[in-house]
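Residues per chain, in single letters:
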Amino acid sequence: MAKLRIAVLTGAGVSAESGLSTFRGNNGLWGEYDPQEVASIEGWYRNRPLVLGFYNQLRKQLSQVKPNAAHLAIAALEEEYDVTVITQNVDNLHERAGSSRVLHLHGEATKVRPEDGIYDRNYSCKEVIDVGYDEVNIGDLAPNGSQLRPHIVFFGEAVPNIEKAINIVQAADIMLIVGTSLNVYPAAGLYRYARNGVPVYLIDPEEVAVYDSRITHIREVATKGMETFVKMLKENS
Ligand code: APR
């Protein structure tokens, strides 16, 4: 029998227990900077060194943290389900936990691309360079001679992977949302593409502003909430 398909949408909350701060939690790295300065396209053109420095710090932080039990539990779902993770996170913790299909909606901190690179529809252009946890500074140039910039979807830029994400959600039999305040569109509207009758689970310790009768809110932190979710899946199978 074909495996049921689970689409998992994650946000900063899934990585919180790894020690990475959320965006709207007002602590950690994001609490020290104005997102409009370090995560918007205007901010990039205004002050490239500041933006590069911010992502250098983020990469360094990423090299010091590990996937937590929630990332691992999401990866383990693949034993019984056909799972695709759609993440708003720019960290690589889902990959490091072993998830085999991860679609990044907002880019990846460990990658850079030329500032004037050609944008292809798949957002996987050959010009993207994996720098791991290394620093990238002013004067670090791509083979085409242009300044390297973070491979991040800045505020003010299109979200090239959104169509792929919609297709994944439309094909899902079960939808799981973990640790996102659902404030930022188009990601926040993705669950609405779930087919009729598809159960939607949301794991978040806080109230999240979604009003949809299909949603079962598991009001727990990601690690604990994943245990509850897996139990619910077993009970309903
Ligand atoms: N487990 C699960 N959820 C948690 C935990 C935890 N341990 N700790 C916090 N949360 C929840 C918060 O309650 C909140 O609802 O995670 C959510 C984090 O929300 P945001 O900080 O708004 O992060 P996110 O939704 O991922 O932001 C979306 O905004 O700044 C942009 O591009 C950035 O991808 C990001 C997007």
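Structure shown above.
The structure presented is a predicted model; accordingly, all values stated were derived computationally and were not measured.

Reading the values: the criteria
Residues numbered from 1 in each chain as written. Predicted model: local features only at pLDDT ≥ 70, side-chain atom pairs only at ≥ 80, totals over all residues. Heavy atoms only, no water. Pairing = 2+ DSSP bridges. Helix = DSSP H or I, 4+ residues; strand = E, 2+ residues; numbered from the N terminus. Contact = heavy atoms within 4.5 Å. Axes fitted to C-alpha atoms, helices over the stretch in contact; angles between N-to-C directions. Buried < 20%, exposed > 50% of the residue type's maximum accessible area, 1.4 Å probe, protein only. Core = buried A, V, L, I, M, F, W, Y, C linked by side-chain atoms within 4.5 Å. Parallel < 35°, antiparallel > 145°, perpendicular 65-115°, else oblique. Left-handed = near helix turned anticlockwise from the far one by under 90°. Near = heavy atom within 4 Å. Polar contact = N/O pair within 3.5 Å; in protein donor to acceptor, adjacent residues only side chain to side chain. Areas by Shrake-Rupley, 256 points an atom, 1.4 Å probe, with all protein chains shown as cover. Nonpolar A, V, L, I, M, F, W, Y, C, P; charged D, E, K, R; others polar.

Draft legend 1. Geometry of the sheet that holds strand 4 (residues 107-114). The three strands lie next to each other as 5-4-6, forming an open sheet whose pairing is antiparallel. The sheet is open, and its two edges are formed by strand 5 (129-130) and strand 6 (148-152), each paired on a single side. Where helix 5 (residues 48-63) meets the sheet, its contacts fall on strand 4 and strand 6, and the angle it forms with strand 4 comes to roughly 140°.

Draft legend 2. Quick peek at helix 6 (residues 69-76). Every buried residue of helix 6 is accounted for by A70, H71, A73, I74 and A75. Among the structural elements, strand 1 (5-10), helix 1 (13-16), strand 2 (82-87), helix 7 (93-97), strand 7 (174-178) and helix 9 (222-236) are those in contact with the buried residues of helix 6.

Draft legend 3. Inspection of the nonpolar core at higher detail. Core analysis: the biggest nonpolar cluster contains 26 residues, and L9, L105, M175 and L190 have the highest contact counts within it. Residue assignment for this core shows that the elements contributing at least two residues are strand 1, helix 8 (162-171), strand 7 and strand 8 (200-203). When residues in this core are grouped by element, the largest group, four residues, is from helix 8. Those residues in contact with L105 that lie beyond four places of it in its chain are L9, I86, T87, Q88, V153, V159, N161, I162, A165, A187 and L190.

Draft legend 4. Layout of the packing of helix 6 against helix 9. Helix 9 packs onto helix 6 with a crossing angle of 30° between their chain directions and a minimal axis gap of 7 Å. With respect to helix 9, the axis of helix 6 lies roughly parallel. Our pair here, helix 6 against helix 9, has a crossing hand that is left-handed. Residues A69, A70, A73 and I74 of helix 6 lie in contact with helix 9, whose contacting residues are A222, T223 and M226.

Draft legend 5. Region of interest: the pairing of strand 8. Here strand 8 shows no split at all, with V200 and L202 on one side and Y201 and I203 on the other all buried. Taken together, the four bridges between strand 7 and strand 8 define a ladder with parallel strand orientation. Note that in strand 8 the partner of L176 across the bridge is Y201. Direction of pairing for strand 8 relative to strand 9 (residues 215-218): parallel, over a ladder of four bridges. Bridge pairing in strand 9 links L202 to H217.

Draft legend 6. Broad picture of the pairing of strand 7. With five of five residues buried, strand 7 lies mostly within the body of the structure. Neither face of strand 7 is open: one carries I174, L176 and V178, the other M175 and I177, and all of them are buried. As paired strands, strand 1 and strand 7 are joined by five bridges and run parallel to one another. The residue of strand 7 that forms the bridge with L9 is I177.

Draft legend 7. The site of the ligand, seen in detail. Around the ligand, the surrounding shell holds 20 residues, and the nearest of these are R24, H106, T180, S181 and D204. In the model, an oxygen atom of the ligand is placed 2.8 Å from a nitrogen or oxygen of the A12 main chain. The backbone of G13 places a nitrogen or oxygen atom 3.3 Å from a nitrogen atom of the ligand. Isolated, the ligand exposes 730 Å² of accessible area, and the fraction of that covered by the protein chains is 89%. Each residue belonging to the shell around the ligand can be placed in one class, and the counts come to eight nonpolar, eight polar and four charged.

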